[in-house]
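In case you want the letters, here they are:
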Amino acid sequence: MTSSSYKTMGQQFGRRSWAEPWKIKMVEPLRMVSHEDRLLAAEEAGYNTFLLRSHDVYIDLLTDSGTSAMSDRQWAGIMLGDESYAGSRNFYHLEDAVRDYYGYQYVVPTHQGRGAEHLISQVVIKQGQYVPANMYFTTTRLHQELAGGIFVDVIISEAHDPSNLHPFKGNVDLNKLEDLIKREGVENIAFISLAGTVNMAGGQPVSMENVRALRELCDRYCIPIYLDATRMVENAFFIQQREDGYKDKSVAEILREFCSYTDGAWMSAKKDNLVNIGGWLAVNNHDLFDKLRNMVVVYEGLHTYGGMAGRDMEALAIGIAEGVQDDHVRSRVGQVLYLGRLLIDWDIPIVQPVGGHAIFLDAKAFYTHLSQDQFPAQTLAAQLYQESGVRGMERGIVSAGRDPKTGKHRYPALELTRLAIPRRVYTQAHMDVVAEAVKKVFDIRQQTRGLKMVYEPEYLRFFQARFEPIP
Ligand code: F0G
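Fair warning: this is a prediction, and the values are worked out from it, not measured in the lab.

1. A closer look at the pairing of strand β7 (residues 264-268)
When a strand is regular, its side chains alternate between the sheet's two faces.
Then, number 1: Counting buried positions along β7 yields five of five residues, so the element is predominantly enclosed.
Then, number 2: The two faces of β7 match: Gly-264, Trp-266 and Ser-268 on one face and Ala-265 and Met-267 on the other face are all buried.
Then, number 3: As judged from the three bridges shared by strand β6 (residues 225-228) and β7, these two strands associate in the parallel manner. Bridge pairing in β7 links Asp-228 to Trp-266.
Then, number 4: Alignment of β7 against strand β8 (residues 279-283), held across five bridges, turns out to be antiparallel. Counted as the bridge partner of Ser-268 is Gly-279 from β8.

2. Re the side chain of His-143
Then, number 1: Along the chain, His-143 falls in helix α6 (residues 138-146).
Then, number 2: Among all residues touching His-143, those that are not within four sequence positions of it are Arg-114, Glu-117, His-118 and Ser-121.

3. Things to note about the nonpolar core
Then, number 1: One finds Tyr-102 and Trp-280 to be the most contacted residues of the largest nonpolar core, which totals 91 residues.
Then, number 2: Sort the elements by how many residues they give to this core and helix α13 (residues 326-345) lands first, with eight residues.
Then, number 3: Residues lining this core come from more than one domain, with at least three contributed by each of domain 1 (3-60 + 326-463) and domain 2 (72-323).
Then, number 4: Ignoring any residue separated from it by four or fewer positions in sequence, one finds Tyr-102 in contact with Ala-97, Ala-229, Val-233, Leu-255, Arg-256, Cys-259, Met-267, Asn-273, Trp-280 and Ile-320.
Then, number 5: Core analysis: the second largest hydrophobic core is formed by 19 residues, Val-124, Ala-190, Trp-266 and Phe-289 among them.

4. What about the site of the ligand?
Then, number 1: Neighbouring the ligand are 18 residues; Thr-63, Asp-228, Ser-268, Lys-271 and Arg-418 lie closest to it.
Then, number 2: Within the contact set of the ligand, an oxygen atom lies 2.7 Å away from a side-chain nitrogen or oxygen of Thr-63.
Then, number 3: Take Lys-271: an N or O atom from its side chain is 2.9 Å from a nitrogen atom of the ligand.
Then, number 4: If the ligand stood free it would expose 470 Å²; the protein chains cover 95% of that surface.
Then, number 5: Taken together, the elements giving at least two residues each to the shell around the ligand come down to α5 (113-124) and α6.
Then, number 6: The dominant element in the shell around the ligand, judged by the number of residues it contributes, is α5, at three residues.
Then, number 7: In terms of residue class, the shell around the ligand is built from two nonpolar, nine polar and seven charged.

5. Some thoughts on the packing of aromatic side chains
Then, number 1: For the coordinates displayed, the defined rule picks out 14 aromatic pairs.
Then, number 2: With 5.2 Å between their ring centres and 70° between their planes, Tyr-85 and Tyr-305 make a pair best called edge-to-face. Of this pair, Tyr-85 sits in the loop between α3 (72-78) and α4 (89-102) while Tyr-305 sits in the loop between α11 (286-299) and α12 (310-323), and the two are 220 residues apart along the sequence.
Then, number 3: Both rings, one in Phe-366 and one in Phe-442, keep their centres 5.1 Å apart while their planes meet at 70°; by these two values the pair is edge-to-face. Of this pair, Phe-366 sits in helix α14 (residues 363-366) while Phe-442 sits in helix α17 (residues 428-443); the two residues are 76 residues apart in sequence, bridging distant segments of the chain. Across this residue pair, the class does not change: Phe-366 and Phe-442 are buried.

6. Focus: the domain arrangement of the protein
Then, number 1: According to the domain assignment, the protein contains domain 1 (3-60 + 326-463) and domain 2 (72-323).
Then, number 2: Here the C-alpha centre of domain 2 lies 25 Å away from the C-alpha centre of domain 1.
Then, number 3: Of the residues lining the interface, 37 residues belong to domain 1; the matching set on domain 2 comes to 45 residues.
Then, number 4: When the two sides are added together, the surface that domain 1 and domain 2 hide from each other amounts to roughly 3,100 Å², 59% of it contributed by carbon and sulfur.
Then, number 5: Taken as a group, Pro-353, Leu-414 and Arg-423 account for 18% of the area that domain 1 buries against domain 2, more than any other trio of residues on that side.
Then, number 6: At the junction of domain 1 and domain 2, the tally comes to six salt bridges.

Procedures and definitions
Residues numbered from 1 in each chain as written. Predicted model: local features only at pLDDT ≥ 70, side-chain atom pairs only at ≥ 80, totals over all residues. Heavy atoms only, no water. Buried < 20%, exposed > 50% of the residue type's maximum accessible area, 1.4 Å probe, protein only. Helix = DSSP H or I, 4+ residues; strand = E, 2+ residues; numbered from the N terminus. Pairing = 2+ DSSP bridges. Contact = heavy atoms within 4.5 Å. Core = buried A, V, L, I, M, F, W, Y, C linked by side-chain atoms within 4.5 Å. Domains from an automatic or database assignment. Near = heavy atom within 4 Å. Polar contact = N/O pair within 3.5 Å; in protein donor to acceptor, adjacent residues only side chain to side chain. Areas by Shrake-Rupley, 256 points an atom, 1.4 Å probe, with all protein chains shown as cover. Nonpolar A, V, L, I, M, F, W, Y, C, P; charged D, E, K, R; others polar. Phe/Tyr/Trp six-rings, centres within 6.5 Å; stacked < 30°, edge-to-face > 60°. Buried area = accessible area lost by both parts, 1.4 Å probe. Salt bridge = Lys/Arg side-chain N within 4 Å of Asp/Glu carboxyl O.

So, in structure tokens, the structure goes:
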């Protein structure tokens, strides 16, 4: 996609076209935190935005996970919770919703996405097998590695370039994948780990053409495809907007077609499915289902609740149906694009095309004077918080962690600071505040110094690592 066609797409998303298809019935007050208090809070948190107290945050763009506002229908559903240990009616509603909207046959509930990742990784990966994926996600890769798998990135190379305007930067590079299969042998490939959209690439989608071709390739070698469906609804919306032949199809229709090319999926319901907690795993193969259902009772809870309360499952079943409505998705992604356009207009370097759930600031382009060992994206997240009270998160070298074999830092090509937009929570005026805050940090970028890591946990270090400013 060229820059001008990207702008044209932006114009289709003028201010009115994405107006929210809801009005506000209940509000939660925000606290404006003074500059002095923010400096203190940042220091206490070791310059890690995950360690801030939410009390000290003004606009919270740490994540779009579990931070959505539920609808009045979902809250009404909470009151219909059937808290029976076994066979809760809410589970069957959830099962019906997953079958109807995603099209998979057998459903296993889990407490959240990583619970599902744990189960599927333990059941389908044999020690030493490769797991090719369209880029890594932190918890996904870790569960695959803990199960003995070896992650291999097979996303198209465009995904590693923040300014490349490819409309489907989440696509799998089928040549890279086939080379791996031929090199290592088909018996050494556990499954294809496919995510739509790709979080770490900037919320970038996979095209229908790509997943169809992937299915054909995998059929030839008898390799299953399991989908990380966490933001697959947003992926379906991008297909509707960008791919030939889909503009008259509904998001729900596109979602079902996409899932039909895969053998199963795991889900962090805290994103697309509009709930504050929950997850699921769904497959079409009964033997696999049987194994997963056996595992779920060990780690999550009985197979008809998997770590969720009955009321959570009811809110989730309703959230699945709400989340796929075209006007909802248009407004959700439209708000992200709105913020992206403000920043692009000010020539602030962000990942383009703008993805579905977040703006990703290109920290390498902000701080050309910092090396990656000085944690540019961590620095940017800390700066933005200190300057404005807006909380984002690092998605760069800290998130990438260390290579399990060499113990050295992994140096990802993308060094990004993510501003994730919760669904149905903030207004357009909040987006204006965020854009101005980013601009302020951008304007003082040359005076900004980097960070050094002074505490590093063993797993998923980005959550709890601590830093100090380099003097
Ligand atoms: N897969 C993707 C693509 C995710 O973005 C996440 C979580 C998970 C799996 C794990 O799900 O949190 O429910 O256990 N992403 C959050 C984020 C944490 O902020 O992007 P979970």
